[in-house]
Amino acid sequence: MSLYKDYLKEIESRKVDGLHPKPIDDGALVNELIAQIRDLDNEHRDESLNFFIYNTLPGTTSAASVKAKFLKEIILGEAVVKEITPAFAFELLSHMKGGPSVEVLLDLALSENEEVNRDAAEVLKTQVFLYEADTDRLEAAYKAGNEIAADLLDSYAKAEFFTKLPDVDEEIEVVTYIAAEGDISTDLLSPGNQAHSRSDRELHGKCMISEQAQKHIEELKLQHPGKRVMLIAEKGTMGVGSSRMSGVNNVALWTGKKASPYVPFVNFAPVVAGTNGISPIFLTTVGVTGGIGLDLKNWVKKLDADGKPILNNDGNPVLEQKYSVETGTVLKINTKTKKLYNEDGSEELNDVSSAFLPQSVEFMKAGSSYAVVFGKKLQTLAAEVLGIEAPLVFAPSKEVSHAGQGMTAVEKIFNANAVGSTPGKVLHAGSDTRVKVNIVGSQDTTGLMTSQELEAMAATVISPTVDGAYQSGCHTASVWDLKAQANTPKLMSFMHKFGLITGRDPKDVYHPMTDVIHKVLNDITVDDWDIIIGGDSHTRMSKGVAFGADSGTVALALATGEATMPIPESVKVTFKGAMKDYMDFRDVVHATQAQMLQQHGDNVFLGRVIEVHIGTLLADQAFTFTDWTAEMKAKASICISNDETLIGSLELSKARIQVMIDKGMDNDTQVLQGLIDKADKRIAEIRSGEKPALTPDDNAKYAAEVVVDLDLIDEPMIADPDVNNIDVSKRYTHDTIRPISYYGAEKKVDLGFVGSCMVHKGDVKIVAQMLRNLEKEQGKVEFKAPLVVAAPTYNIIDELKEEGDWSVLQKYSGFEFDDTAPKSVARTEYENILYLERPGCNLCMGNQEKAAKGDTVLATSTRLFQGRVVADAEGKKGESLLASTPVVVLSAILGRTPTIEEYKTAVEGIDLTKFAPPLQKPLDSLSVHF
């Protein structure tokens, strides 16, 4: 019984870290458990029973398959286990969610064994994760006259799996815990540097916030039995930065309710809140677990006699407290009145109706959003088989339609991809929709969780309606350590089998790719009408509309080919004026955020789609804008492109997809070739005039409009974490945008980083061009600070080699990645040299590579959150400032931020990313970068 002995050894090793036995997913190990259970005299029988009942993972794991078959034997009397009666065996099957358990239940329900078929049917009535193979069996049995099949279909058509669930409690008592002041990044709830453990829920739970915070939460639970701990972002927004299912899982693990007594470490129904609400993509993740997300509005702007906000010395509004949510405060949430009350219910504190929309309440009742999604699908199918109209059980989808009003770009895309809405009805923002998903992306630090979710919902193959899906290896690209070696091949094998294109071939037929997922998704998106779902907040393509999502929503999109969400409002962003020759497009991106705040005071991008009219930029370059919209707190973004520019972007995508095919990355169903065919079709539609590039209607309605004046952008800008701001809530936001002159050429820079999804091929060419210039001027280039460069994709490196730029970088590099001997240990010290790192996220992810503690880092990346790129040192805070590629390179060479004069001299003659507003004569959008 070697597997069992190995398992016992693992248990002992986990005890050292205060961990329980790891949940079992291996069918071979379960077979050993069963053998020991059958042997009444076996010394391990009792613990084997315990592991079998309480510690075996459900769904489509091999362990679940073996467990379900043994439970079937018990129910049929073929095996006798005194501790597991047939009734208990049925109960265990009811908690296994689908796949093998549903197959067993159908075997029993559709059999002629009258002693068990009715009991099996009653359990099946509670299940929702049925797939075509399951429903096909039911339909065939029903048509053959099987009464139990008819009874099951009748129950499904009535949605009794939902209606017989208990309603959400009318009153929910909570006790508050302030996790932090200011915006709370999901990194606080699930740190990026602990990404390797996300699929081990108990282990990963130990990294939430801090050990002290965890103890405090446990104390609150003991002090307030029966109440739920509500995690709060005081004076900020909860869950900014990413959707991060692991963050919600951790909150649920410490504060939520146990999902099943027979499934360890899976909790649901967390309660989270923020003074400024919940970040939209994080709120979606909260819904996946049937949780509650509250917008507290407990701090409001202080107004003067004229009703205008009073500003402090920094020009920020002064806030005053409307009511206290200090840690340990007991509050009441009434789910019927949708109000928040004080402890005794005598005072109404806030309207929280936005948390209790009909669909949200359904998620809470069902315990998860995708239990509702599958339930609706099952009800519809059952009604169709029976030839009846499905009764209205679920809240009707809200359909908002304004006669005579045109459509924004996102409204057009959602209408074109809508599933199940009223035929012929135009849906506007605010409408609830089911939409077809065209492209899906899974990334490697959440992918293991996505595979777990797929197993849990009993999915075995990608939906045939998905045009293309990709599994990346970019977030763990920097260091091929033992954790990566253990997790990555396992993940790639699962996803390859499921039907995705994978960065690493499980059989090593092609060279392992660590390309940044967003860049690959941007390349394989070949239609401006596509909807993209990806397991990362920076899933924001410059073609179509893309939404960053949690691992569960990604799993749902892969399994069903659909997503469910309201049509978001849009903010229209247009441009006027002209870019100065010495400015880089990254500065236009920063200026957009700064000018938006100047024009509107508040962040009008929050939770909305940014419709950016940027049609003269190719998709690679425009991605710099769409990518940053995650930091603008937008839900998504859409680029409005000119016809010829879009054709150029699609041709570039085709070329890069062809390279992937040539490398051997296509699968048996020829997904990549299908994308090239789809691109050809779209190009033909544009050229013929049959279907021009996507544009909004002239009479579309926007939540707000922002006009960016390019004439006002006269020096490079830096997004500053402002780590010493006296107001804690103002630190580590992306809203502090400063010109380089602010620093007076005195800001010391300890490390420069050119990389992450924010850079394109042109950025790496700029690095080479600057080195050429400085070499010509000075004879040689010396770095006063380390400069780390990580190209986004191997395709880009190959193109740079062909064009002569890579050799320039190699000349000055003191380190160049070697895929035949990848780093096995993360770098902890840096020399003042150029590092050419493997394609991937690198420092931006912060889970493997980091700058030295307390460093001031200037980077092209997206993340400036505390501890992400650089941790604090004793007595010195780490800073991650964000800027354009030329500013980063020059600062690494100087060891400080430059003057505007130094900057202008350094970029003279360099072909920076060009942009001119549409309707003006476009600059050469191909330029030297392409």
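In this report, we go over the structure that sits alongside the text. (Residues numbered from 1 in each chain as written. Predicted model: local features only at pLDDT ≥ 70, side-chain atom pairs only at ≥ 80, totals over all residues. Heavy atoms only, no water.)

**Re the overall build of the chain**
Secondary structure assignment for the chain yields 31 helices and 33 strands. Projected onto the principal axes, the alpha-carbon positions of the chain cover approximately 90 × 70 × 65 Å. Across the 930 residues that make up the chain, the buried fraction comes to 61%. Expressed as a percentage of contacts within the chain between residues at least 6 apart in sequence, the contacts between residues at least 24 apart total 73%. (Helix = DSSP H or I, 4+ residues; strand = E, 2+ residues; numbered from the N terminus. Buried < 20%, exposed > 50% of the residue type's maximum accessible area, 1.4 Å probe, protein only. Contact = heavy atoms within 4.5 Å.)

**A few points about the sheet that holds strand S16 (residues 439-442)**
The strand order across the open sheet formed by five strands is S18-S17-S16-S19-S20, and the pairing between neighbours is parallel. The sheet is open, and its two borders are formed by strand S18 (501-502) and strand S20 (545-548), each paired with just one other strand. Here four bridges tie strand S19 (residues 531-534) to S20, and the two strands are oriented parallel to one another. By the bridge assignment for S20, Ile533 is matched with Phe547. (Pairing = 2+ DSSP bridges.)

**Some points on empty space enclosed by the protein**
Following the criterion strictly, the structure yields 10 cavities of 30 Å³ or more and no others. Here the largest cavity defines a volume of roughly 210 Å³. Around the largest cavity, the lining comprises 22 residues; the ones closest to its centre are His475, Asp536, Met845, Arg863 and Arg868. When the residues that make up the lining of the largest cavity are grouped by side-chain class, the tally is five nonpolar, 12 polar and five charged. (1 Å grid on protein atoms, 1.4 Å probe; cavity = no way out; pocket = protein on both sides within 12 Å on 5 of 7 lines; lining within 4 Å. Points joined across faces, edges and corners; volume = space filled by probe spheres on them. Nonpolar A, V, L, I, M, F, W, Y, C, P; charged D, E, K, R; others polar.)

**Some points on the sheet that holds strand S23 (residues 609-613)**
Reading across from one edge, S24-S23-S22-S25 is the order of the four strands in this open sheet, with parallel pairing throughout. Either end of the sheet is taken by a strand with one partner, and the two such strands are strand S24 (636-640) and strand S25 (704-709). With strand direction ignored, the average angle separating the axes of adjacent strands in the sheet is 20°. With five bridges joining them, S23 and S24 adopt parallel strand pairing. Bridge pairing in S24 links His613 to Ile640. Against the sheet, helix H18 (residues 409-417) contacts strand S22 (570-576), S23 and S24, and its axis sits at roughly 100° relative to S24. Across the sheet, helix H23 (residues 585-600) is in contact with S22 and S25; its angle to S25 comes to roughly 125°. (Axes fitted to C-alpha atoms, helices over the stretch in contact; angles between N-to-C directions.)

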